[in-house]
Amino acid sequence: MATTTERNGTGRGLGARLRATSKVLPEHARAHNRSLVLQHLFHEGPTSRADLARATSLTRVTISDLVSVLITEGLVEELGTRPGQRVGKPAILVGLRTDAYQIVAVDLTEYGRMRGAVLSLTGEIMVRRQLDIDGRTGDELVDLLTRFVRRLVAAAIHPVIGVGVGSPGIIDLDGRVVEAPNRGWYDVPLAEILGDRMGLPVHVANDANTAALGEFTYGGGSSGMLVVTVGAGVGAGIVVDGVRLHGQGDAAGEIGHVTVVDHGECACGRVGCLETVLSVPALRRAIADRTPEDSDAALASAGRVLGVTLAPVVSALNLTEVLLSGPRDLLDGPLREAALDTIRQRTMPAINSGLQLRMAALDEDVVLAGAAVLVLSAQLGVS
């Protein structure tokens, strides 16, 4: 299967436009055209070779050749003729074999446990697992993660095309964890380690960026959105004009360590980071032993802090929606409403008139879905 570098010719993978839609330079043409075909079949379903040629602007000869190769690879199959067709030679439909392969995905967002799943290529979760972390960090956590992934791979009933992992922290495009203070990971080549141990392609990305991929591909997210993940830490994944933003140091969206208050020591060693106000442990502490009214007030206060943090980002990038991913009992209510009100108060009507601030459509599975997209994109060119 094509690697990210082979497909794009740059090694940047998901840093480019997420969905291939047109022809490209000759030196990258075959891999790119392969992606075009798989992309169309993934999103539009079974179609004829002639319709594929029209949809992709590729010649019928090119389509015939690509489809033959994909059938040989076991990724595509012929499905018979289109029902109801009466005039002319019946067109044979071809479709993606979405049930022939599976993906293993892991979500490391939560503070005390890791969540994992075996998914179909269409994002359907076939198997779920979770494992308590029990305070492990550093190498111990890598070893625990390895055992967890091995269990998930063993639970798959079809060949696994790859493993995707969404983790807190700054993570480069090679899957190296540059810095994840909550996990005790600094300069850890996590994708390489897991890949060597599992003998499978492994793709690791920041959990918030991963959540953005999940919403974009499976959740109907817009081409201009920001997904805020709230768990052990706080992060954000950003998609602008259909492009996932990485930033110069692969740290775009790292809002959890923006200083927003003048108190509260953060895991990164600084004081007053957004994470000290908005992470799940911080929110739980803020509402502990309080009346419902006082709890709502505390959550609204955290929401206003989030709104102040997001307002310049929403305005600068002209985003159409902000999605929250995390516990609904904490986020979907006074916190979300206060954050939206604050953003509207601090941005121009031209910016905020159509702005939505909602919970992620995929709810708690958004990072798992996005981790599956990491694999789909790298291995098949589909997003």
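Refer to the preceding data block for the structure.
All values derive from a computational prediction rather than experimental measurement. (Residues numbered from 1 in each chain as written. Predicted model: local features only at pLDDT ≥ 70, side-chain atom pairs only at ≥ 80, totals over all residues. Heavy atoms only, no water.)

1. Digging into the overall build of the protein chain
Thought 1: Of regular secondary structure, the protein chain possesses 14 helices and 16 strands.
Thought 2: Relative to the globule expectation of 21 Å for 383 residues, the C-alpha radius of gyration of the protein chain, 22 Å, shows essentially globular dimensions.
Thought 3: Dimensions of the protein chain, computed from the C-alpha atoms along their principal axes, are close to 70 × 50 × 40 Å.
Thought 4: Counting all 383 residues of the protein chain, 55% fall into the buried class. (Helix = DSSP H or I, 4+ residues; strand = E, 2+ residues; numbered from the N terminus. Rg over C-alpha atoms; globule rule 2.2 N^0.38 Å. Buried < 20%, exposed > 50% of the residue type's maximum accessible area, 1.4 Å probe, protein only.)

2. Quick look at the sheet that holds strand 7 (residues 160–167)
Thought 1: The sheet built from five strands is open, its strands ordered 6-5-4-7-11 with mixed pairing. Every interior strand has two partners, whereas the edge strands, strand 6 (125–132) and strand 11 (202–206), have only one. Within this sheet the neighbouring strands show an average axis-to-axis angle of 15°, counted without direction.
Thought 2: Both strand 4 (residues 102–107) and strand 5 (residues 113–120) contribute to a ladder of six bridges, which runs antiparallel. Paired with Val104 across the bridge in strand 5 is Val118.
Thought 3: Sheet strands touched by helix 14 (residues 366–380): strand 4, strand 5, strand 6, strand 7 and strand 11. Its angle to strand 7, the strand with the most contacts, is close to 130°. (Pairing = 2+ DSSP bridges. Axes fitted to C-alpha atoms, helices over the stretch in contact; angles between N-to-C directions. Contact = heavy atoms within 4.5 Å.)

3. Things to note about the nonpolar core
Thought 1: Formed by 35 residues in total, the largest nonpolar core has its most connected members in Val228 and Leu335.
Thought 2: Ignoring anything within four residues of it in the chain, the contact list for Leu335 reads Leu278, Leu283, Leu299, Ala300, Ala302, Gly303, Leu306, Leu324 and Leu330. (Core = buried A, V, L, I, M, F, W, Y, C linked by side-chain atoms within 4.5 Å.)

4. Details of the pairing of strand 9 (residues 177–180)
Thought 1: The sheet contact formed by strand 8 (residues 170–171) and strand 9 spans two bridges and is antiparallel. Across the sheet, the residue bridging to Ile171 is Val177, located in strand 9.
Thought 2: Looking at chain direction, strand 9 and strand 10 (residues 185–188) are connected through three bridges and run antiparallel. Pairing of Glu179 across the sheet is with Tyr186, part of strand 10.

5. Here's the deal with unusual backbone geometry
Glycine aside, a negative phi is what most residues show, and trans is what most peptide bonds show.
Thought 1: We note that Ser57 has phi near 65°; this positive angle belongs to a residue other than glycine.
Thought 2: Phi at Asn318 is positive, roughly 50°, even though this residue is not glycine.
Thought 3: Turning to its location among the elements, Asn318 is positioned in the loop between helix 10 (292–317) and strand 15 (321–325).

6. Structural notes on the sheet that holds strand 15
Thought 1: Across the sheet, five strands lie side by side as 14-13-12-15-16; this open sheet has mixed pairing. Edge strands, defined here as strands with exactly one partner in the open sheet, are strand 14 (243–244) and strand 16 (356–359).
Thought 2: With seven bridges connecting them, strand 12 (residues 224–230) and strand 13 (residues 234–240) associate as antiparallel partners. Bridging from a neighbouring strand, Gly224 pairs with Val240 of strand 13.

7. Points about helix 9 (residues 280–287)
Thought 1: The complete set of buried residues in helix 9 reads Val280, Ala282, Leu283 and Ile287. End-on, the buried residues of helix 9 take up no more than an arc of 160°, which puts them together on one face.
Thought 2: If you follow the buried residues of helix 9, they end up packed against strand 12, helix 8 (275–278), helix 10, helix 11 (328–331) and helix 12 (334–346). (Arc of directions from axis to C-beta.)

8. Comments concerning the side chain of Asp107
Thought 1: With respect to the helices and strands, Asp107 occurs in strand 4.
Thought 2: Overall, the relative accessible area of 4% leaves Asp107 in the buried class.
Thought 3: A polar atom in the side chain of Asp107 sits 2.6 Å from the side chain of Thr109.
Thought 4: Residues within four places of Asp107 in sequence aside, it is in contact with Met114, Arg115, Gly166, Glu364, Val367 and Leu368. (Polar contact = N/O pair within 3.5 Å; in protein donor to acceptor, adjacent residues only side chain to side chain.)

9. Some words on the environment of Gly370
Thought 1: Among the structural elements, Gly370 can be located in helix 14.
Thought 2: Along the sequence, Gly370 and Ile343 sit 27 residues apart, while their C-alpha atoms lie 27 Å from each other.
Thought 3: Excluding anything up to four places from it in sequence, Gly370 contacts Thr210, Leu213 and Gly214.

10. Some words on the environment of Ala282
Thought 1: Within the secondary structure, Ala282 is located in helix 9.
Thought 2: For Ala282, a relative accessible area of 7% corresponds to the buried category.
Thought 3: Separated by 50 residues in the primary sequence, Ala282 and Ala232 have C-alpha atoms spaced 9.0 Å apart.
Thought 4: Each residue touching Ala282, except ones within four places of it in the same chain, is listed here: Glu275, Thr276 and Val277.

11. Comments concerning the packing of helix 7 (residues 207–217) against helix 14
Thought 1: Interhelical geometry of helix 7 versus helix 14 gives an angle of 85° and a closest axis separation of 7 Å. Taken together, helix 7 and helix 14 sit at an angle that is classed as roughly perpendicular. Here Asp207, Thr210, Ala211, Leu213, Gly214, Glu215 and Thr217 of helix 7 come into contact with helix 14, specifically with Val366, Val367, Ala369, Gly370, Ala371, Val373 and Leu374.
Thought 2: Residues that form the contact of helix 7 with helix 14 fall into these classes: eight nonpolar, four polar and two charged. (Parallel < 35°, antiparallel > 145°, perpendicular 65-115°, else oblique. Nonpolar A, V, L, I, M, F, W, Y, C, P; charged D, E, K, R; others polar.)

12. What about the pattern of salt bridges?
Thought 1: All chains considered together, the criterion is met by 18 salt bridges.
Thought 2: Here Asp51 ties to Arg54 by a salt bridge, and the two come within 2.3 Å at their closest N and O atoms. With a gap of three residues between them, Asp51 and Arg54 both fall in helix 3 (residues 49–56), about one helical turn apart.
Thought 3: Relative accessible area serves as the criterion here: at 23%, Asp51 is assigned to the partly exposed category.
Thought 4: Between Asp143 and Arg197 there is a salt bridge, with its nearest N and O atoms 3.1 Å apart. Here the residue Asp143 occupies a position in helix 5 (residues 138–155), and Arg197 occupies one in helix 6 (residues 190–198), the gap between them amounting to 54 residues.
Thought 5: Accessibility expressed as a relative area gives 38% for Arg197, which makes it partly exposed.
Thought 6: Residues joined by salt bridges that share partners form a network here, namely Asp107, Glu110, Arg113, Arg115, Arg128, Glu364 and Asp365. (Salt bridge = Lys/Arg side-chain N within 4 Å of Asp/Glu carboxyl O.)

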